[in-house]
Amino acid sequence: MRLRTTTTLLVLAAFAAGCGADEEGAQLPRATVSDLQGQLDSIQARFEFPDGAACDDISSGDDPNTTKVADLIDSLPSNVDADLRDALRDSFDRLFELIDTECARETQTETEETTPTETETAPTETETETVPTETEPTETTPTETTPTDTIPTEPLPDVPPDGGGGVNPETGE
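Visitor: Can you walk me through the overall build of the chain in this structure?
Guide: Helix and strand counts for the chain come out as five helices and zero strands. A total of 173 residues make up the chain; the buried ones form 23% of that total. For the chain, long-range pairs separated by at least 24 residues make up 61% of all intrachain contacts whose partners lie at least 6 apart in sequence. In the structure as shown, the chain presents an accessible area of about 13800 Å², 49% of it carried by carbon and sulfur atoms.

So, in structure tokens, the structure goes:
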């Protein structure tokens, strides 16, 4: 990745300036060089984490690299050349700017690739018109009824339940 090359060149230039003997100041302590290299490895690993998921950890969160690097540079012995100290600080500042730019670009690309486009549809209004129905009254014709004559009938004589022993109506016996 391009970041690795840029990182290496920036920091190596600063290390090279300070690691050799110089009339103006002391070299970088080996422990500090090792610690700074460890920070570079951590930055690289976080930067290469899939989908840029660890980009924010480089400059924020519980364990940011930016804070550790600043602390390491600030803790350099006072006899370390001031130009070397400034070169280290400038190199890491530039590295963090590049990382911010690249991480923003990766996040934007990832967001564009995974964010579905929402299409908003307006609700359709249906207008309903009620048309009154006209009905005409139905004419009814009264039905004429004719009275009927009824013929009275004579009551039948009582017949005992056993069917016998009664009086014959015709003879009376």
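Still to come is the rest of the account.
Visitor: Which parts of the structure should I look at to understand the state of the cysteines?
Guide: The bond known as a disulfide is covalent and runs between the sulfur atoms of two cysteines. Enumeration over the complete set of coordinates arrives at one disulfide. Residue cysteine 55 pairs covalently with cysteine 103 via a disulfide, S to S 2.0 Å. In this structure, the disulfide formed by cysteine 55 and cysteine 103 twists by about -75° around the S-S bond and is classed as left-handed. Taken together, the positions of cysteine 55 in helix α3 (residues 55-59) and cysteine 103 in helix α5 (residues 82-114) put the pair 48 residues apart, joining distant regions of the chain.

Visitor: When you look at the environment of threonine 66 in this model, what are you seeing that I'm missing?
Guide: Note that threonine 66 resides in helix α4 (residues 65-74). Given a relative accessible area of 21%, threonine 66 falls into the partly exposed group.

Visitor: Looking at this model, I keep getting lost on the pattern of salt bridges. Mind explaining?
Guide: Tallying each qualifying case throughout the model produces four salt bridges. One salt bridge connects lysine 68 with aspartate 63, and the closest N-O pair in it is separated by 2.8 Å. Owing to a relative accessible area of 35%, lysine 68 belongs among the partly exposed residues under this scheme. Among the salt bridges present, the one from arginine 89 reaches aspartate 74, with a minimum N-O distance of 2.6 Å. With a gap of 15 residues between them, arginine 89 in helix α5 and aspartate 74 in helix α4 connect regions that are remote in the sequence. Looking at arginine 89, the relative accessible area reads 28%, which means it is partly exposed.

Visitor: Would you mind showing me how to read α4 here?
Guide: Residues separated by three or four positions in an α-helix point in the same direction, a consequence of the helix having 3.6 residues per turn. Turning to α4, its buried residues number three or more, namely Asn65, Val69, Leu72 and Ile73. The buried residues of α4 occupy one face: seen down the axis, they fall within an arc of 95°.

Visitor: Where do I start with the environment of cysteine 103 in this structure?
Guide: Among the residues examined, cysteine 103 registers a relative accessible area of 8% and is labelled buried. Residues contacting cysteine 103, with those up to four places away along its chain left out, are Phe47 and Cys55.

Visitor: Which parts of the structure should I look at to understand the packing of aromatic side chains?
Guide: Given two aromatic rings, their pairing is described by the distance between the two centres and the angle made by the two planes. Taken as a whole, this structure holds one aromatic pair when the rule is applied. Aromatic side chains phenylalanine 92 and phenylalanine 96 sit 6.1 Å apart centroid to centroid with 35° between the ring planes, which places their arrangement in the tilted category. Taken as a pair, phenylalanine 92 and phenylalanine 96 lie in helix α5 at a separation of four residues, close to a single helical turn. With a relative accessible area of 11%, phenylalanine 96 lands in the buried category.

Visitor: I'm lost on the side chain of threonine 32 in this one. Help?
Guide: Secondary-structure assignment places threonine 32 in helix α2 (residues 30-48). For threonine 32, a relative accessible area of 11% translates into the label buried. Each residue touching threonine 32, except ones within four places of it in the same chain, is listed here: Leu72 and Leu76.

Reading the values: rules and limits
Residues numbered from 1 in each chain as written. Predicted model: local features only at pLDDT ≥ 70, side-chain atom pairs only at ≥ 80, totals over all residues. Heavy atoms only, no water. Helix = DSSP H or I, 4+ residues; strand = E, 2+ residues; numbered from the N terminus. Buried < 20%, exposed > 50% of the residue type's maximum accessible area, 1.4 Å probe, protein only. Contact = heavy atoms within 4.5 Å. Areas by Shrake-Rupley, 256 points an atom, 1.4 Å probe, with all protein chains shown as cover. Disulfide = S-S within 2.5 Å. Salt bridge = Lys/Arg side-chain N within 4 Å of Asp/Glu carboxyl O. Arc of directions from axis to C-beta. Phe/Tyr/Trp six-rings, centres within 6.5 Å; stacked < 30°, edge-to-face > 60°.

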